[in-house]
Amino acid sequence: MRDYLLTLCVTAAVTYLLTGPVRKFAIATGAMPEIRARDVHREPTPRLGGIAMFFGLCAGLLVADNLQNLNGVFELSNEPRALLSGAALIWLIGVLDDKFEIDALIKLGAQMIAAGVMVMQGLTILWIPVPGAGMVSLTSWQGTLLTVALVVITINAVNFVDGLDGLAAGMVCIAAAAFFLYTYRLWYGYGIEAAAPATLFSAILMGMCVGFLPHNMHPARIFMGDSGSMLIGLVLAAGAISVTGQVDLDVLKIFEGSTREATHAALPVFIPLLLPLTIIAIPFADLVLAIVRRTWNGQSPFAADRGHLHHRLLEIGHSHSRSVLIMYFWSALIAFGVVAYSVHSASMWILLVIVALSAVGLVLLLLPRFTPRAPLWAQSFVPPRYRRKRRGGPAGGEAADDLAPVAALASPVRETPPAPEERTPVPAGVNGATALGARSRFPDRRKAGSRN
């Protein structure tokens with residue numbers, strides 16, 4: 001565990017220290033696109049944060065290769081080299097996209113090629129567990145197709161959720177932490193050496209996200225861009241492929257006895273084998289909904305819009321930070337809930353706790369729909385938005401808070417805000433960065449994240 005923590009800390013430190021110079025490099029090279037209609041930030045922000053994350057990945061692998069307890073992962077398996085090869089390819093494509101805006105189909109082809117490179121070096125799904133039948137071997141073509149599909153789905157799910165400051169890095173960090181607990185339990189608890197590479201990948205992935213988050217939290221000073229989102233999606237998928245398709249569960253002897261007994265005994269193990277899908281359940285749901293929505297509207301599935309889950313949270317009335325925290329909450333609930341159930345599947349308390357936390361999450365999700373007002377005796381102790389408005393006006397009678405929405409809608413002098421396409425874009429460049437020059441402003445001061 002100490003070696004894994006050391007690898008995590010080195011990866012986080014390298015990523016954190018390199019993000020500042022990478023930000024200056026992105027500003028100098030003009031990797032600061034103009035504000036688009038679907039964006040929720042107000043000022044041009046440099047991208048290319050994936051450069052620092054990639055070098056953090058390289059540093060983590062280098063440190064692990066020189067540690068006595070982790071050196072065996074590189075000697076007994078070619079998976080770390082396969083990960084580095086695929087990550088380098090997908091990172092390079094992401095850097096070019098952050099700078100020159102590559103076509104979506106080209107990026108999709110690059111993702112498939114990166115997955116194929118990992119398959120050629122041995123990082124592929126060899127078998128899958130089936131309840132009642134045990135481990136079912138796959139042909140080379142079946143394993144390749146399944147591996148490529150899992151890589152492409154995971155990369156795009158992470159890329160789709162990268163819409164708010166700190167959202168993608170935080171959610172992937174939560175997923176990697178849950179995945180690390182599961183794989184470490186297989187490696188250390190059951191003595192399955194084949195789970196060691198996935199454990200190492202999870203530790204490095206946590207370090208990449210932890211090191212980048214201080215620069216990316218709201219208000220973000222730099223974005224990871226496609227070079228970062230596709231990179232962490234690939235690392236997440238690599239860990240999932242390693243533990244799901246190469247760990248032989250027959251070693252655990254869970255398929256002995258009758259079919260019903262074997263299935264019940266294997267249930268805690270089968271559920272975490274789907275953990276790679278459950279930890280990206282929210283990004284995957286967002287991906288599916290986006291494809292259905294855009295196809296239904298006659299658009300390309302790769303056309304960008306403002307209909308993602310995080311955009312809807314902003315439209316409901318949540319602030320930027322609260323929207324991110326709500327997404328964190330649901331990701332952690334799903335990921336750690338599955339891991340906890342895999343350890344003690346017979347405990348009813350775990351299920352009750354998950355249900356109770358789900359209810360809490362629903363209340364937090366619908367909180368803007370309610371407008372609570374504090375009683376008169378507590379007016380001085382609550383924030384202004386929860387205080388009762390004074391009754392006033394020449395005629396007296398109606399409360400000001402009841403008349404305010406009607407007056408705002410009926411006022412003839414209120415100007416209609418312009419449509420998204422009428423927004424004056426702020427040109428990208430050195431003057432757009434607050435660290436090097438004056439702040440650039442929109443002519444209108446509407447709230448970021450609103451429909452307009």
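Residues numbered from 1 in each chain as written. Predicted model: local features only at pLDDT ≥ 70, side-chain atom pairs only at ≥ 80, totals over all residues. Heavy atoms only, no water.

Asks: Could you clarify how one ought to interpret a nonpolar patch on the surface in this entry?
Replies: On the surface, a cluster of nonpolar side chains totalling about 560 Å² of accessible area is made up of Met348, Trp349, Leu351, Leu352 and Val355. Its place among the elements puts Leu352 in helix H15 (residues 348–365). Among the residues examined, Leu352 registers a relative accessible area of 45% and is labelled partly exposed. (Patch = residues over 30% accessible without salt bridge, like charges linked within 9 Å, V, L, I, M, F, W, Y side chains within 5 Å. Areas by Shrake-Rupley, 256 points an atom, 1.4 Å probe, with all protein chains shown as cover. Salt bridge = Lys/Arg side-chain N within 4 Å of Asp/Glu carboxyl O. Helix = DSSP H or I, 4+ residues; strand = E, 2+ residues; numbered from the N terminus. Buried < 20%, exposed > 50% of the residue type's maximum accessible area, 1.4 Å probe, protein only.)

Asks: Hey, could you run me through the pattern of salt bridges in this one?
Replies: Applying the stated criterion across every chain, the model contains three salt bridges. Among the salt bridges present, the one from Arg47 reaches Glu101, with a minimum N-O distance of 3.4 Å. With Arg47 in the loop between helix H1 (2–29) and helix H2 (50–65) and Glu101 in the loop between helix H4 (79–100) and helix H5 (104–120), this residue pair connects regions lying 54 residues apart in the sequence. Between Lys107 and Asp97 there is a salt bridge, with its nearest N and O atoms 3.5 Å apart. Note that Lys107 is positioned in helix H5 and Asp97 in helix H4, a separation of ten residues in sequence.

Asks: What should I look at first to understand the packing of H5 against helix H6 (residues 140–161) in this one?
Replies: Working note: a packed helix pair is described by the angle between its axes plus the distance between those axes. In contact at an axis separation of 9 Å, H5 and H6 are set at 130° when each is read in the N-to-C sense. Relative to H6, H5 is oriented oblique. Crossing geometry of H5 relative to H6 is assigned as right-handed. Residues Leu108, Gln111, Met112, Ala115, Gly116, Met118 and Val119 of H5 form the contact with H6, whose participating residues are Thr144, Thr147, Val148, Val151, Val152, Ile155 and Asn156. Broken down by class, the residue content of the contact of H5 with H6 amounts to nine nonpolar, five polar and no charged. (Axes fitted to C-alpha atoms, helices over the stretch in contact; angles between N-to-C directions. Parallel < 35°, antiparallel > 145°, perpendicular 65-115°, else oblique. Left-handed = near helix turned anticlockwise from the far one by under 90°. Contact = heavy atoms within 4.5 Å. Nonpolar A, V, L, I, M, F, W, Y, C, P; charged D, E, K, R; others polar.)

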